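# Notes for the structure review
The residues making up each chain are set out below.
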Amino acid sequence: MAATDLRRQPNQARAIGEKIIQILLTIAATVSILTTAGIVFSLLFETIAFFSEVSIIEFLTETEWTPLFSIKKYGIWPLVSATVLTSAIAMLVAVPLGLVAAIFLSEFATDRIRRTVKPLLEILAGIPTVVYGYFALTVVTPFLKNFIPTLSIFNSLSAGLVMGVMLIPFVASLSEDALSAVPNSLREAAYGLGSTKFEVATLVATPAAISGIVASVVLAFSRAVGETMIVAIAAGQNPRFTFDPTVPVMTMTSYIVQVSLGDTPYGSLSYYTLYAVGFTLFLFTFVLNIFSYWMVRKFREVYD
């Protein structure tokens with residue numbers, strides 16, 4: 001009887017430990033949900049206050065954004081176009097370089113090279129974005145002016161290029177994880193059919209990992225859309241509706257920084273524009289995340 005009780009005690013302790021872990025995980029998940037809900041509602045109420053004074057049609061159709069000027073215009077498209085432009089330039093840099101790096105690390109690099117190169121790549125993600133911003137302003141822009149004399153000091157081109165360098169680790173690391181998850185049996189089958197290593201990497205492993213690769217690209221794009229310091233420092237503070245990468249522009253995050261650091265009175269219409277732009281940015285990233293989830297579910301491959 002005593003021996004039976006001794007055996008039960010470790011089982012009971014394990015059950016109690018598992019219950020505590022389950023409760024802690026539930027609390028963590030609940031806190032994250034409540035935090036998200038709090039952010040949404042805090043943005044929503046102030047955004048409603050903004051649209052009670054500004055027509056949503058003007059907000060969505062006008063191409064001038066001057067809420068802090070004497071002649072006030074509330075068209076969001078100058079901020080949206082600048083955000084999309086800088087993010088697109090960044091993705092043109094990050095996706096090819098990041099995907100090539102991921103394929104190299106997963107399919108061609110030895111273990112020693114992989115253990116050395118991957119941490120070096122991830123260091124790029126740890127550099128403060130303010131450093132990237134001043135690097136774009138003081139190094140990249142003067143360099144580009146040698147080839148583009150009409151390039152303004154503040155422009156979306158240098159901001160987007162440097163932002164793309166910052167995003168390479170996001171694409172490379174997540175894509176490399178997706179490629180590493182592809183079963184070796186697929187590669188061995190391709191080798192058995194006479195495929196070269198390059199063909200296996202590009203025609204077998206990469207298509208098999210496409211859901212993870214797409215998720216990494218969408219995550220990087222969401223990160224680019226929400227980037228603040230690089231565009232605030234290097235892209236300028238000039239809200240204009242343009243897709244010319246050589247002129248100063250203002251992204252949604254740059255405007256939020258400008259209003260947050262300025263002398264905008266609390267409760268004024270200019271103050272409420274901060275929440276309207278923030279809610280628009282939230283919807284932008286939310287749609288991207290929904291798209292990423294849909295792509296992963298649609299193209300996900302399940303292997304035995």
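These lines cover the structure that appears in this document, whether it is placed above or below. Everything numeric in this text was worked out from a predicted model, so none of it was measured.

This next bit is on the pattern of salt bridges. Overall, the coordinates contain six salt bridges when judged by the stated rule. In this structure, the salt-bridge partner of Glu 107 is Arg 187, at a minimum N-O distance of 2.7 Å. Here Glu 107, found in helix H3 (residues 77–108), pairs with Arg 187, found in helix H7 (residues 184–192); they are 80 residues apart in sequence, far enough to count as distant. Pair check on accessibility: Glu 107 and Arg 187 agree, each one buried. Residue Asp 177 pairs with Lys 118 through a salt bridge whose shortest N-O separation is 3.2 Å. In this pair, Asp 177 sits in helix H6 (residues 156–180) while Lys 118 sits in helix H4 (residues 111–126), placing the two residues 59 residues apart along the sequence. Look at Asp 177 and you get partly exposed, because its relative accessible area is 39%. Salt bridges sharing common partners tie together Asp 111, Arg 114, Lys 118, Glu 176 and Asp 177.

A cluster of nonpolar side chains, namely Ile 16, Ile 20, Ile 23, Leu 24, Ile 27 and Val 31, defines an oily patch on the protein surface of about 560 Å² accessible area. The topology assignment puts Ile 23 in helix H1 (residues 2–51). A relative accessible area of 43% means that Ile 23 is categorised as partly exposed.

The rules we used
Residues numbered from 1 in each chain as written. Predicted model: local features only at pLDDT ≥ 70, side-chain atom pairs only at ≥ 80, totals over all residues. Heavy atoms only, no water. Salt bridge = Lys/Arg side-chain N within 4 Å of Asp/Glu carboxyl O. Helix = DSSP H or I, 4+ residues; strand = E, 2+ residues; numbered from the N terminus. Buried < 20%, exposed > 50% of the residue type's maximum accessible area, 1.4 Å probe, protein only. Patch = residues over 30% accessible without salt bridge, like charges linked within 9 Å, V, L, I, M, F, W, Y side chains within 5 Å. Areas by Shrake-Rupley, 256 points an atom, 1.4 Å probe, with all protein chains shown as cover.

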